[in-house]
Amino acid sequence: MATTSTTEITTTEDVVMKTDDDVVVDEGEEEEKTEERKQRQRFLLETGSLQRRLLIYGIAGILAAVGAWLVLAIAVDNVSILIEGGGMHLDNLVGHVASGYEKVEKVFKRNFADGWEREGASITVYHKDRVIVDLQGGYADKASGRKWTPDTRTVVFSTTKAVGAVCVAILVDRGYISYDDKMSKIWPEFAQNGKENITIDWLMSHRAGLAALDMPISIEDANDFAKMSEVIASQKPNWEPGTKSGYHAITYGWIVDQIVRRADPQGRSVGRFFKEEVADVHGIDFHIGLPPSEEHTVSRLSMPSTMHLFREIVHDPRVLIVLAVFNLRPPNSIARKIAANPTWFKLEQDVNTFNNPTLHAMEQVAALGITKSRDLARLFSLVQQGKLFSKDLLEKFRVPQVQGIDEVVMTPLPKGHGFLYERHPMSGKKWLVGHPGYGGSTIMMDLDDGITIAYVSNGLKTGMGELTRTYRHLRDAVFECLEKQKNGASVFIEDAVQAVAA
């Protein structure tokens, strides 16, 4: 018992001694941990201070760069005024704006006053079935002193593609074809060289791989339906059809003509189909093949000068992307092949074949539509009202089918059913659907608010659509005014409800 007791006492003391040692060790560890925490805090403070300094330096650097860029922009603008003269005083402004849209008129005038509009321009905006903006002015041909008038028509380049898309949509809506139909269903000869599975949908959304043609195309060939039929049917795709999307800048026009001629029970060309089914019925002054007797009404297109181009780059560096697409592609690229064939489509400083009356008479729905902004806007206002094809079909055009990098232009190009899309300036989640044209002419629809914007100009800019400063500022002004109108109406309704409740 005594032995056991002694052992127990010894054990207890050992435990107590061990506990004391543990306490000493714990205090030492705690001191070490405290020191480590202090070191970490000092490190974090020093690091945070460094990060703050770097952030401040970064912000200062960005502000300095922005400031330098603004100084450069102002300097370039001033040099431009010295070299090319000041902006244009718009002494022949014709048109009107609805109440609440006065800002659009101010922007339109400023585009001329600041020298961004070198020739003439017009803009027409519909809200549902009502014209809320209709403005025009400047020169139809500045070099000759010919002023822009209400009778002036303009080549609208690829904006014409949207009209081709409307023609195909009408045929689809009437049940003659489906977007899912294979092209070989209505054109058996088309099923050559790997094209047997290409659908009308792929053709309209630039996925068929027929952006560039191998066979040289003359003006005579372009006006010969049978010849173009043979050329396109025998063409080997530029890529595996359906796997990529690449902008069919020129071939789109001949392809759509083939679709319309073969789907239309009367076998009409795309120009004749549009004239008889749309233009004549609704009084739309839009020509896919202008009668020579009307040539005197067409404005003369002018290319931007080197100084104007420099101003565009300084004010919007994205223009450099456009220049790269046109000028820095390898010789064997699809883009270069498109530019080389046909040879009679030229847009250069010293050669602009789009002023050629022979081309104006051609039925080419990819690039040669000729119209006025008020007729272009009215046409697509009718589309929104469901008067050309059903609103159910129009709903399918609300969002793009294809997004991502385009195989030809090597930049994002949302597209589908023959239309191109751009983001709505007032909301990143909504799309505007229509089609821009080279040099700035554009048609766009806001399917939610029933807005249709048509802008045309003969003083060509380097880019198109969103990259065209004059159009972009006018478009943004339209939607800013619309939002104010909507907010004002909401306040009025709320006040009225409160008054009734009181």
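Only a predicted model underlies this, so the values are computations on that prediction, with no experimental measurement involved.

Chemist: Just checking my understanding: could you explain unusual backbone geometry for this structure?
Modeler: One can expect most non-glycine residues to show negative phi and most peptide bonds to be in trans. At the junction of N341 and P342, the peptide bond is cis and its omega measures out at 10 degrees in the coordinates. By the secondary structure assignment, P342 is in the loop between α11 (334-340) and α12 (357-360). Phi at N193 takes a positive value of approximately 55 degrees, unusual for a residue other than glycine. Structurally, the position occupied by N193 is in the loop between α3 (160-173) and α4 (200-204).

Chemist: Before we go on, may I ask you to explain the packing of α3 against helix α13 (residues 373-384) in this structure?
Modeler: Geometry of a packed helix pair, given as the angle between the helix axes and the separation of the axes. Running from N to C, α3 and α13 point in directions that differ by 35 degrees, and their axes come no closer than 12 Å. Between α3 and α13 lies a crossing of left-handed hand. Every residue of α13 that contacts α3 at A162, V163 and V166 is listed here: L379, F380 and V383. When the residues that make up the contact of α3 with α13 are grouped by side-chain class, the tally is six nonpolar, no polar and no charged.

Chemist: How do you make sense of the sheet that holds strand β7 (residues 370-371) when you look at a structure like this?
Modeler: Sheet strands pair via backbone hydrogen bonds, and the direction of the pair is either parallel or antiparallel. Taken in spatial order, the three strands of this open sheet run β5-β7-β6, and their pairing is antiparallel. Of all strands in the sheet, those bounded by a partner on one side alone are β5 (154-155) and β6 (286-287). Here β5 runs beside β7; their pairing, made up of two bridges, is antiparallel. Of the residues in β7, the one forming a bridge with T154 is T371.

Chemist: Can you walk me through the pairing of strand β11 (residues 442-446) in this structure?
Modeler: Remember that side chains alternate between the two faces of the sheet whenever the strand is regular. Across the five residues of β11, five count as buried, placing the element largely inside the fold. Burial of β11 is two-sided: the residues T442, M444 and D446 facing one way and the residues I443 and M445 facing the other way are all buried. Relative to β11, strand β10 (residues 431-436) is paired through four bridges, and the arrangement is antiparallel. Looking at the pairing, V433 lines up with M445 of β11. Between β10 and β11, which pair antiparallel in sequence order, lie five residues; one of them, G439, sits at a positive phi of approximately 90 degrees.

Chemist: I would appreciate a short explanation of the confidence of the model for the protein in the present structure.
Modeler: Averaged over all residues, the pLDDT of the protein is 88; the fraction at 70 or higher stands at 82%. Low pLDDT (under 50) marks residues 1-18, which in the prediction has zero contacts with non-local residues, meaning those over four places away or in another chain.

Chemist: When you look at the nonpolar core in this model, what are you seeing that I'm missing?
Modeler: Soluble globular proteins: nonpolar side chains tend toward being buried together. Counting residues in hydrophobic clusters, the biggest one holds 98 residues, and the most contacted among them are V168, F274, F380 and F389. Setting aside anything within four residues of it in sequence, one finds V168 in contact with I177, Y179, I200, M204, V256, I259 and V260. In this structure, Y101, V104, A121 and V125 belong to the second largest nonpolar core, which totals 28 residues.

Chemist: Would you mind showing me how to read helix α10 (residues 319-327) here?
Modeler: One full turn of an α-helix is made of 3.6 residues, so residues set three or four places apart face in the same direction. Three or more residues of α10 are buried, namely V319, V322 and V325. All buried residues of α10 project into a common sector of 115 degrees when viewed along the axis, lining one side. Summarising the contacts, the buried residues of α10 are in contact with α9 (306-315) and α11.

Chemist: What is the right way to read the side chain of T297 from this model?
Modeler: Among the structural elements, T297 can be located in the loop between β6 and α9. Side chain to side chain, T297 and R153 meet in a polar contact 2.7 Å long. A polar contact is formed between the side chain of T297 and the backbone oxygen of E294, at a distance of 2.7 Å. Residues in contact with T297, not counting those within four places in the same chain, are R146, D151, T152 and R153.

Chemist: It is not clear to me how the packing of aromatic side chains should be interpreted in this structure. Could you clarify?
Modeler: Think of a pair of aromatic rings as described by two things: how far the centres are apart, and how the planes are tilted against each other in angle. If you walk through the whole model with that rule in mind, you get twelve aromatic pairs. Centre to centre, the rings of F108 and F112 are 5.3 Å apart; their planes meet at 65 degrees, and the pair counts as edge-to-face. Residue F108 and its partner F112 are located together in helix α2 (residues 102-113), separated by four residues, close to a single helical turn. When its relative accessible area of 1% is taken as the criterion, F108 is described as buried. Ring centres of Y455 and Y471 lie 6.2 Å apart, and the angle between their planes is 35 degrees; on these two criteria the pair is classed as tilted. Linking Y455 in strand β12 (residues 451-457) with Y471 in helix α15 (residues 469-501), this pair joins segments that are 16 residues apart in sequence. Per residue, the accessibility class of Y455 equals that of Y471, and both read buried. Three or more aromatic residues link up through ring pairs in this structure, and these residues are F157, W344, F345, F354 and Y438. The ring of F190 carries K195 above its face, with NZ or CZ at 5.2 Å from the centroid. Taking NZ or CZ as reference, R311 lies 4.1 Å from the ring centre of W116, over its face.

Scoring rules and cut-offs
- Every chain is numbered on its own, with residues counted from 1 as its sequence reads.
- Thresholds applied to this predicted model are a pLDDT of at least 70 for local features of residues and 80 or more for the giving and counting of side-chain atom pairs; totals over whole chains, interfaces and linings are not thresholded and use all residues.
- Hydrogen atoms and water are omitted, and side-chain values are computed over all heavy atoms in the structure.
- Secondary structure elements follow DSSP: runs of H or I of four or more residues count as helices, runs of E of two or more count as strands, with numbering from the N terminus.
- With axes taken as lines fitted to C-alpha atoms, and helix axes fitted only over the stretch in contact, angles between N-to-C directions fall between 0 and 180 degrees.
- Working rule for handedness: look at the near helix, and if it is turned counterclockwise from the far one by less than a right angle, call the crossing left-handed; if clockwise, right-handed.
- Here a residue-residue contact requires only that any non-hydrogen atoms of the pair lie within 4.5 Å.
- In this classification, Asp, Glu, Lys and Arg are treated as charged, Ala, Val, Leu, Ile, Met, Phe, Trp, Tyr, Cys and Pro as nonpolar, and every other residue, Gly included, as polar.
- Whether two strands pair comes down to DSSP finding at least two bridges between them.
- When a residue's accessible area, from a 1.4 Å probe over protein chains only, is under 20% of the maximum for its type it is buried; when over 50% it is exposed; and in between it is partly exposed.
- Within a predicted model, pLDDT stands for the predictor's per-residue confidence, ranging from 0 to 100.
- Here the nonpolar core consists of buried residues drawn from Ala, Val, Leu, Ile, Met, Phe, Trp, Tyr and Cys, with membership extended through side-chain atoms lying within 4.5 Å.
- The arc refers to the directions leading from the helix axis to the C-beta atoms.
- We call two N or O atoms a polar contact when they sit within 3.5 Å, provided that within protein one can donate a hydrogen and the other can accept it, with sequence-adjacent residues counted only if both atoms are side-chain atoms.
- Ring pairs shown here join Phe, Tyr and Trp side chains whose ring centres sit within 6.5 Å, with only the six-membered ring taken for Trp; geometry is labelled stacked below 30 degrees between planes, edge-to-face above 60, and tilted in between.
- We call a charge positioned above a ring when the Lys NZ or Arg CZ atom is no farther than 6 Å from the ring centre and deviates by at most 35 degrees from the ring normal.

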